[in-house]
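# Architecture at a glance
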Amino acid sequence: MAEGGPYVQGARVWIPDCIEVWRAAEITRGYKEGDAVLHLRLEDGSALAYPIEFQLPPLCNPDCLSGADDLVALSYLHEPAVLHSLRQRFLEANTIYTYCGIVLVAINPYQPLPIYEEEVIYAYSGREIGDMDPHIFALAEEAYKQMVRFGKNQSLIISGESGAGKTASAKYAMRYFTTIGGCLCDSSMEEKVLASSPVMEAFGNAKTTRNDNSSRFGKYIEIGFSQAHVTGATIKTYLLEKSRVTFQAQAERNYHIFYQLCASATLPELQGLGLCGAESFHYTRQGQCAVAQSTDDAADLDSTRHAFSLLGIPEAEQLELFRVLAAILHLGNIVLRGRDRRGDGCFVEPADEALGLFCTLLGTEASQVIRWLCHRKLITAGETYVKPLSRQQALDSRDALAKYMYGQIFRWMVSRVNHALRSLEGHHNSIGILDIYGFEMFDVNSFEQFCINYANEKLQQHFNRHVFKLEQEEYVTEEIPWVFVDFCDNQPCIELIEGRLGILNLLNEECKMPQGSDGSWAQKLYQTHLSSSYFQKPKRSMDAFVVCHFAGKVEYQCDGFVEKNRDTVPEELVGLLRASKKSALLTELFLEEGDGPTSLQSRRSGRPRMAGCPSSRSLPSSQKSKKNSISSQFRASLNQLMETLSSTIPHYIRCIKPNDAKQPFVFDSRRAVEQLRACGILETIQISASGYPSRCTYQEFLERYRALVSREELMGTDEKQTCSRALERLLRDPSKYQCGKNKVFFRAGQVAHLEELRYQQMRAACVLLQRHLRGWLARRHFGRARAAAICLQRHARGMLARRFTRMLRRTRAAVMLQKTVRMVLARRFYLRVCQAIITIQAFARGMFARRLYHQMVWHQKAVVIQAAVRGWLARTRYSRLRGAVIYLQCCYRRVQARRELRRLRVEARSIERYKQLHKGMEIKVIQLQCRLDEQAQEKQQLMEQLSELNAAHAEEVQCLRAEVQRLREDTTRDAQVQQLQERLAELERHSMKSCLVQEVEELRQRLAEVEATKLQLEEEKDALIQRVLERSQDLEEQHQCAARESRGLLQELEEERARYQSLVQEYTRLEQGYENLRDEMAFHRQSTLRRSPSSESFLGSESSCLSSMSTAPSRDVSDQQPEGQEERWQLVPEGSRLQPSSEVVLNGGVSQDPFEKAYLLLLGQLNAANEELARTREELRRSQAPVEPEERKLLDFFKRRNFTEMLGLGKSPEKVAVDDDLKHAYDAVQVANKLLESQLQEEKQQHEEEVQGLRLDICSLKQLSQQQAALIQDLQWHQGQEGLQQHVLQLREENKELAQKLEKQERITLKLQKQLRAYTKQTQELAGKLKREATRPAQELAASAVVLSQSPVVPPLSGLSQAMLAWRMEDEGRIIKAIITDYKPQSCPGALPDLPAYILFLCFRHADHCCDEPRARSLLDAAIGAIKGIMKKHSDDFNVVALWLANTCRLQNCLCQYSQDESYWQGNTAQQNKHRLQNVDPQSSCHSLGALAVQLYQQLIRTAEKCLKPMIVSAMLESEPIQGLSFSCPPRHRRSSVASAHTLPELLQQLGSFRAVLDHHGLAPSVGHQVLRQLLFLVSGTTLNYLLLRKDTCSWSRSIQLRYNISQVEQWLRAEGLQESGAREVLEPLVQAAQLLQVKKVTEADAGALCSLCTVLSPQQVVKILRAYTPAAGLEERISPSFISRVEKRLQDQYGGGPSQLLVDTSHLFPVHLPFTTSPLHLDELHIPDALNLAFLVTP
C-alpha cells in the first residue's frame, strides 16, 4: 500500500464505524506516500481527517459493480465491499440470494415472497447457473444436472444461525428435487418425501428467542435417484437437544408436538390421555410462552397426522405414540417431596393424579414407579444395595427418564420415516441436503455449543479445502503460471478438540472416573493445553476455558459437561417400561441394546444413537465398557458425515439473519458482519483475492472495453492477441493480469481501473458528441431566426399597401351607401304600416285555430286513457286465470316429479349418471347460446325502437324548429307592434278623436294576448325538449343495459366452455390412467398364464370353441363398445328376428298348463345354473387373472356343459322330454315378452302425448308473445307521447316473464324427453334381460343350428342413394385400420385432407339407412378409440395431430349438417338435403367427437409448445438484431457463455409452418387464429418470466432490442392477416414491460405516468422490474428506493393490496371454440382412392 495511485482526489473509501460497521467517504485531497492523515468528506457533508496507522482504508468498488450477482466479481474484495453489496441487494432490489463463488448467500426476508411457485421451478429447470438471477433453485438445478451428467453424488450444505432460514431453504430444495425429478415407480414417493418435513419439525423443532421454528437437531437428508427420478430418501439426525424436554429458557417453548397435543386435547380420540392446556404442565410452562403468535398448534397437529398417514403410520400407532408423549408430560407433573430438612430422602404421594395418569398410560405399577423414582440400586461385586435419593437427585432422575423417553421416540420416528422413504429398488445416485446448526456463541456456552462449534470447524475445513481446490483447478485448466499459495487451515483447532489428548478424550476419561467432576476436568485441560495458541484460560472464571475457533473466540462453562456427556439414565425405571405390556410400541421403543429389529435398523442406517444408555453406576463393568459417551457418538457420526460429504460434490448455502427483531427487509449491519465472519464467506473471498478474482472471456472483454482498444489492435482476427496487446498498453504491469486459454484474469482492483478508463473514454466521447451537436443546434437556430425576420419584413410591407388601398375603397363605398340607405328608410316606413295591419289579422286567426286544436288533442288523450285502462283490466283478469292454471299444473307436476325422484334415486348409482351430468353441461352450454341469441334479437328490437324514437325525435325537433322560426317572426311582429304604439301615441297627441282611442285600446289588449301566447309556447317548447332528452337518455340506458347483459352472457359462455374443456382434460387423464391400469392387468394376466401352462391350454381350447360357435366379430381390448352394446357374445343378438323356418321349429302349440309347468321348471334350472356359475367364478378367480365378463359367462357355461349336450347329440329319452318342456317355456317367455312390448308401446305413446301437449303449450305461448308484440306496435302507433314509455316497459316485462316461462317449459320438455329415453332404455334392457334369461336354455339347444344358418341381415340396397357405403359389422376393424390406423396422406396424392371423415360418415349413413343405431355407434366409438391410439403413438408430431383434428371436426360438422336440426341446413343445397339422416340421432356422437376435438386441440398446443419453448428466450431476448446497441456487463465470476441458439426469424418461420400445416389440413381460420393466440401467449409469458428472473436483462438497451423484436412479430401478424385474431393483445404485457424499461424514472410525475402506462402488468411485476433495472454505467442513474416506494404505493391504491402473481402461468389454455362450417362437397361426388384398399365396401 505504499503507492498512492488509487487514492486520488474523488476516490471513495470505507472507514470503520461503530454503528454501521463500515461507512463510505470521499477523498478530498490526494494521498501521497508518507502522509499521516487522509482527508475525507463523509456522506453527510462533514469533513474528517482519518489517521493512517498501519494501512490505508479499503477502496470502494465502482457503481457498475455494486449490487453484482456474484461477490467474487467485485474488483476490490474485502469485508466492507461484501457487506455493502449484500445490503444494497437486500434493501434496494429486495433480492435475498447472492453468489459468493461456489457459496449461495441467502438472507432471511421474514416475509413470504412469490419466488418459489411451480412456474419459477420450471423456469430454472434446465438453465445454467449463470443464466438466471441467484436462487436456491439455480444451485439445486446445478447439483441435479451434475448428478445426471456425470453420475456423481451431490450434496447441499446449508448452515447458519437459528432463525436464518435453514429449514425453509432445505424444504425448498427438497420441493425442487421432487418436482423436477418426479417419481419413477411410486407415484406417492414425492408426497412422502415432502411429508417428512412436518413430522421432523413437529418432533425436532421448537420456539427460541431467535426463531419461532428453530431446528434443535442436525439432519442430513439423502434423496435417492434412479434414471434421474426420485426413488426414495434417507434421513440421518445429529445431536438432538434433549435437555429442552425438561427445561426451557424465558420466552422459549418445548418441542412443537407437546403444544399441538395440548391444543387438540378436546378431540374425541385424545380424551383418554388426560391432556389440558399447556400451562398445566411443568415441562411446557417454564418458558412462559405457551402460545406462539405465528403458529396454529391445532392445525399443525392435523398436518402432522396427515403426514404420518402419508408415511404409512397407521392411526392406531399414532394414538399409541401420543399416549407416550402425554405420559412424558404427566411425568413432569409428579410432585417429589423431601422427608426432612437435610434432604436425605424423598417420597411421592400415592394419590398423586399425575402419577396415576402416567402409570395408566404406560401400563406400569404405581408402587414400583414411586420406589425407583426415590431410590437407586447399587451393584457391587457380591451384593446389591438400594440407596435413597435426595429430592434434587430424584428430580434429576425423573428428568433423565423424560429425556430418555423422548430420545427413544425421536429415534423410532426417524426410523419409521426412513422405512417409509426407503426404495426397494435402491438408487444409483443421490443428492444430500445437510441442514445443520451454524456457529453459536452465547453469553453462557455449554456442552451443546461446544459440539455444534466442533461440527462447524470440521465443515469449515472441508469448505476451505474444496474452495481452494476449485480455484487451483480453474488456473490449471486455463494454463496460467500461478504459484500455489497456502491458505489458513484450522487443523490445529480440530486437533485441539479431537486429538490424542484433546478436549474430547480428556472429557471421556473424566466420565469414566467414579468421582469425575467438571472441576477436575477443567484442571486437566489447563495442564495439558495452555501451551496451545488455540486454547486460553479466562481471567475470572476458574471452571471455564476459551477455544479460538475460525469464527472467533468462544468461552465455554465447564459446568454440566461431564454429566451431559455421560447421559445417565435410571435403568430401573427403564426396566419398568420394558416390562410393560400396554402396547407393542412401548416394547419397540425400549428394547435392550442389540435386541430386536430396532438396533438392526440403527446399524444399517449408520445413524448414531442419540438416546442415552443405562447408567454406568448401575451396570456391571462388562456393560460399562460397551457404553459410548455422547461426545464419542457425536464424533463418530461427524466423521461418517465428513466421509459422506467427501465422496460427494458439495454445494454451499449460507443463511444470514438480517436482524434479531424478525422485521421484514431490515438490515442490521453489525449482526450481518458477525455471521459473515462465522460462516466462512470472508475466507472464500480471501482465497479468491489471493489469486485472480476477476475473470471474463475474450469476447466479453472486447464487448465491454471495445472503446479502450485502438483501431490498430482491432485489425487482428485473434481475440486473444487483441486483448493481450490492449492490456499491455492499458495496465502495463504484466503481474496485474494473466491471459489463459479462453479467459483473461485480473488481480484485485484492476477491473475498477479499467472501468475508470472506460468511463473517461466514454465521457470524452460524449463531450465531443455534445459539442458538435450544440454547434449544429446553434447554427440551425440562427438560420431559422434570419429567415423569420425576412419573412416578417415582407409581410409588414404588404400589409401597409393593402391598408391604403382598402381606405380608398371604403371612401367610395360610403357615398354609395348613404344614397341607398336614405331610399331604403323611406320605403321601410311604408311597409311597416302595411305589415302592422296584416299582423293583427294573423294573430286573431291563429288564436281561434289553436283553441280548436287543443279541443281535438284533449279528446284524443281521453280515448287513449280509456284504451289503456280497458287493456289493463283484461290483462289483470287473464293473469289471474293463468296463475290458477299454473298452480294446478305445478301441483300435478310436483306429484309426478316426486314419483320420478324416487325412481331416479335408484338409478343414480349407475354409470348413466355421469353421462347425464355430462350431457346436462352440454345442454347448459346450448341453453346459454340460445339465451345469447335471444338477447341479440332483443337488442335488435331495441335498436329498431331506438331508431323509430330517433325518427320521432327528429320530427319533433323539426316541428320545434318551425315553432322557433314562427316565434322569431312573432318577435319581428313585436317590433312592428312597438312602432304601432309609437304611431298611436303620435295620433293621440295630434288627434282627439274617440274612435282612435278605442282602436288603441283594442290593439293593446291584443298585444297582451300575443305576449301571453308567446310565453305559453315557449314553456311548451322547453317541456317538449326536456321530455325528448329524458326519453333519449332512457333509451340510451336501456341500450347500455342490453349491451352489458350481452357481454355478461358471452363471458358466462366462455366460462362454461373453459369448465367443459377442463372436464374433458380431466376425463382424458382418467381415461389414460384407466388404460394404463388395464394394460398392467393384461400384462399380469399374461404373466400368470405363462406361469400356468395347463390354464393356457385350457383357455386356448375354450377360445377356439368360442370362435367356432360365435359369429360376432373379435375386436381389440381398446375398441370396447359403449353401454347397450356389451352383450356382444350373445348367440342371438337382441332386436334381431329369427327366420320363419326357425320359428316353426321352435314354436309349438302353447297352452296354459304347459306354460305354468315350463315356467316352474325354468325357474328351478335358472337357480341351479346361477349357483353353479357362482362356484365356477370363484374357482376361476383363484386360479387365474380376471377376464372379460362376457367371455367369463361363456367359459363358465362350457365348463358346466359339454359340446355334445349343447348340440343335442347323444340325448336320452328323458332329456328329450325335458327339451319339450323347454320349448313350452320358450313359447311362454315369448308371450311375456309380447306383453312387455305392449306395455312399452303404451308408455311411449303416453310420453309422446305429454311431449305433444307441452309443444302445444309452447306454441300457444309463442302466439301470445306475438300478439303482445303486435299490441305493442299498435300502442306505439296510437298512444300519445306521455304514456308510450310506460306501456312499452310494462309490456316488455310481461314479455320477459313469458319468455322465462317459455324457457321453463322447454326445459321441462327436454327433461321429459330425457326421462322418456331413460324409460325406453330401461324397458328395453329389462325386456332383453328377461328374454336372455328365459331363452338361454332354448338357445343352448338350438345354438349351432341357428348361428350356422343365419348370416348378418343387411337391408337391400336397391332403394339407396349413391351417398353411402354399404358395410357389414365384420368389416368394422378393416375400415378403421384402412382409414385411421394405417392411413398415410402421402400415399393418396391429390385426395382431400379430411377424406377419412367423409368415408366414416358415408358408412354412418348406411347404418342410418338400415336403422341399425348400435352399428353406427360402434363404428364411431371404434374410430374415436383408434384416433386416440394414433395420438398416443404420434403425440409429438404436429402434422399428424392437426390431420386428425381436422378430420374430427369435419366428421362432427357432417353429422350436424345432415342431422334433423334445421338450424344447420342454411348452407345446404337441395342435393345435400336429400342425404340427411333419417333414423339415427347423432347428438351424442357429436358430443363425443366434440370432446375428442378438444383433446386433440390441447395435444396440438402441447406439441407446438415443445417445439417453441427452446427457441423463445434466445429469439426474443438473447438475439441482437440491432448490432452494437447492447452494453455488456463488466466481467464477472459466473456467467454463461452459451451463444444465442435461435433467432427471431427462425421463431416466426416456425409459427408460419404451424399455420401452413393448419391451412393445409383444411381447419377453419378461426381455429388457426386461436392456435396462434395461444402460442404467442406462451412466447409473451415465457419472455416476461425470463425478464423477471434475470437482472441483467432489465436494462434500457435490452428493452430496445425487445421492443424491436415485438414490432417484428406484430409486422408478421399484419403481413399474415392475423391482426384481428386476438394475438396482439397477448403481447401487451411484454410491450408494457419494454416501455417500462425505457421511460424516465425520477420524479413524481414519472411515477404517475408509469402507473398509467402499466395497465396489464401486475403491481408485483412492475416493482420487480424496477428493482432489477440495471442502468448503464456512467450514462444513467440508479432508480432510487423512494421512487420505487412511491410507484408501489400508487399501484396498491390503484389495484388494491390483494395478492398478485409474479410469474405468468404459461400452462394456461384459453377456451377453444370449434366453429361449425358447412361442407360444400356433395357426398355422391366423393372419390375414394384405390390405395386405401376399401374395395370390400359396396357402393350402391
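Definitions and limits used
- Residues numbered from 1 in each chain as written.
- Predicted model: local features only at pLDDT ≥ 70, side-chain atom pairs only at ≥ 80, totals over all residues.
- Heavy atoms only, no water.
- Helix = DSSP H or I, 4+ residues; strand = E, 2+ residues; numbered from the N terminus.
- Expected span 1.5 Å × (residues − 1).
- Buried < 20%, exposed > 50% of the residue type's maximum accessible area, 1.4 Å probe, protein only.
- Pairing = 2+ DSSP bridges.
- Axes fitted to C-alpha atoms, helices over the stretch in contact; angles between N-to-C directions.
- Salt bridge = Lys/Arg side-chain N within 4 Å of Asp/Glu carboxyl O.
- pLDDT = per-residue confidence, 0-100.
- Contact = heavy atoms within 4.5 Å.
- Core = buried A, V, L, I, M, F, W, Y, C linked by side-chain atoms within 4.5 Å.
- Parallel < 35°, antiparallel > 145°, perpendicular 65-115°, else oblique.
- Left-handed = near helix turned anticlockwise from the far one by under 90°.
- Nonpolar A, V, L, I, M, F, W, Y, C, P; charged D, E, K, R; others polar.
- Phe/Tyr/Trp six-rings, centres within 6.5 Å; stacked < 30°, edge-to-face > 60°.
- Lys NZ or Arg CZ within 6 Å of the ring centre and 35° of its normal.
- Patch = residues over 30% accessible without salt bridge, like charges linked within 9 Å, V, L, I, M, F, W, Y side chains within 5 Å.
- Areas by Shrake-Rupley, 256 points an atom, 1.4 Å probe, with all protein chains shown as cover.
- Lys, Arg positive; Asp, Glu negative; His and termini not counted.
- Charge placed at Lys NZ, Arg CZ, Asp CG, Glu CD.

## A short note on helix 1 (residues 79-91)
Since the α-helix turns once every 3.6 residues, residues separated by three or four places project in the same direction. Helix length check: helix 1, at 13 residues, gives a terminal C-alpha distance of 18 Å against a target of 18 Å (1.5 Å per residue), a fit within 8%. Counting buried positions over the 13 residues of helix 1 gives eleven, a clear majority of the element. Every buried residue belonging to helix 1 is among Glu79, Pro80, Ala81, Val82, Leu83, Ser85, Leu86, Arg87, Gln88, Arg89 and Phe90, and all of these are buried.

## Quick notes on the sheet that holds strand 10 (residues 218-226)
Strand order in this open sheet of seven strands is 5-6-20-7-16-10-11, and the pairing throughout is mixed. Each edge of the sheet is formed by a strand with only one pairing partner; in this case those strands are strand 5 (97-100) and strand 11 (229-238). Ignoring which end each strand starts from, the neighbouring axes of this sheet average 20° apart. Two strands pair when backbone bridges link them, and strand 10 and strand 11 are joined in this way by nine bridges, in the antiparallel orientation. Counted as the bridge partner of Tyr220 is Lys236 from strand 11.

## Remarks on the pattern of salt bridges
Enumeration over the complete set of coordinates arrives at 39 salt bridges. The residue Arg671 makes a salt bridge to Glu161 at a minimum N-O spacing of 2.5 Å. Of the two residues, Arg671 sits in helix 23 (residues 669-679) while Glu161 sits in the loop between strand 7 (154-160) and helix 4 (166-181), which places them 510 residues apart along the sequence. For Glu161, a relative accessible area of 14% gives the class buried. Asp1371 is the salt-bridge partner of Arg1368, the closest N and O atoms lying 3.9 Å from each other. The class of Asp1371 is buried, set by a relative accessible area of 5%. Linked by salt bridges that have partners in common, Glu161, Lys657, Asp660, Arg671 and Glu674 make up one network.

## What about the confidence of the model for the protein chain?
Looking at the protein chain as a whole, its pLDDT mean stands at 76, while 75% of the residues score no less than 70. Per-residue pLDDT, averaged within each element of the protein chain, yields its smallest value for helix 37 (residues 1343-1349) (33) and its largest for helix 6 (residues 256-263) (92). A low-confidence stretch, residues 1087-1156 (pLDDT under 50), is modelled with 89 contacts involving residues beyond four sequence positions or located in other chains. Note that pLDDT drops below 50 for residues 1334-1361; the model gives that stretch 45 contacts with residues more than four away or on any other chain.

## Observations concerning the nonpolar core
In this structure, Phe177, Phe203, Leu325 and Phe545 are the most contacted members of the largest nonpolar core, which totals 335 residues. Examining the composition of this core, we find that 17 residues originate from one element, helix 43 (residues 1483-1518), more than from any other. Ranked by size, the runner-up nonpolar core spans 16 residues in total, among them Ile15, Tyr31, Tyr50 and Leu59.

## Section: the pairing of strand 4 (residues 47-51)
Here strand 3 (residues 37-42) runs beside strand 4; their pairing, made up of five bridges, is antiparallel. Bridging across to strand 4, Leu40 finds its partner in Leu48. As consecutive antiparallel partners, strand 3 and strand 4 are separated by four residues, and within that stretch Gly45 has a phi angle of approximately 95°, a positive value.

## Brief notes about the packing of helix 8 (residues 297-310) against helix 9 (residues 315-332)
Look at helix 8 against helix 9: their axes get within 10 Å of each other, and the N-to-C directions meet at 130°. In terms of axis orientation, helix 8 runs oblique to helix 9. Viewed along their axes, helix 8 and helix 9 form a crossing whose handedness is right-handed. Here Leu301, Arg305, Phe308 and Ser309 of helix 8 lie close against helix 9, whose contacting residues are Glu315, Gln318, Leu319, Leu321 and Phe322. Per-class residue counts for the contact of helix 8 with helix 9 are five nonpolar, two polar and two charged.

## What to know about the sheet that holds strand 22 (residues 737-739)
Overall, antiparallel pairing links the three strands, which are arranged 21-23-22 in an open sheet. The open sheet has two free edges, formed respectively by strand 21 (694-697) and strand 22, since each of these has just one partner strand. Strand after strand, the sheet turns through a mean of 15° between neighbouring axes, direction not considered. Inspection of the sheet shows strand 21 paired to strand 23 (residues 743-746) by four bridges, in the antiparallel sense. Considered in strand 23, the bridge of Thr697 is made with Lys743.

## With respect to the packing of aromatic side chains
Scanning all chains against the criterion turns up 31 aromatic pairs. Note on Tyr176 and Phe177: the rings are 6.2 Å apart at their centroids and 75° apart in plane angle, and the pair reads as edge-to-face. Taken individually, Tyr176 and Phe177 each receive the classification buried, so the pair is uniform in this respect. Grouping aromatic residues by their ring pairs yields a cluster made of Tyr116, Phe137, Tyr144, Tyr172, Tyr176, Phe177 and Phe225. The ring centre of Trp1465 lies 3.7 Å from the NZ or CZ of Arg1476, which sits over that ring.

## Quick look at helix 3 (residues 136-150)
With 15 residues, helix 3 ought to run about 21 Å at 1.5 Å a step, and its terminal C-alpha atoms sit 21 Å apart, in line with that. Counted residue by residue, helix 3 has twelve buried out of 15 residues, so it is predominantly covered. Two residues or fewer past helix 3, Gly151 is found with a positive phi of approximately 70°.

## As for a positive patch on the surface
A cluster of basic residues, Arg894, Arg898, Arg899, Arg902 and Arg905, forms a positive patch at the surface. With respect to the helices, strands and loops of the structure, Arg894 is situated in helix 27 (residues 750-907). A relative accessible area of 40% means that Arg894 is categorised as partly exposed.

## Observations concerning the environment of Phe203
Considering the arrangement of structural elements, one finds Phe203 in helix 5 (residues 189-204). On the basis of relative accessibility, which here comes to 0%, the residue Phe203 falls in the buried class. With 206 residues separating them along the chain, Phe203 and Ile409 place their C-alpha atoms 8.9 Å apart. Other than its neighbours up to four places away in sequence, Phe203 contacts Tyr255, Ile257, Phe308, Leu321, Leu325, Tyr406, Ile409, Phe410 and Met413.

## Section: a negative patch on the surface
A cluster of like negative charges, contributed by Glu1030, Asp1034, Glu1036 and Glu1037, occupies part of the molecular surface. Within the secondary structure, Glu1037 sits in helix 29 (residues 994-1091).

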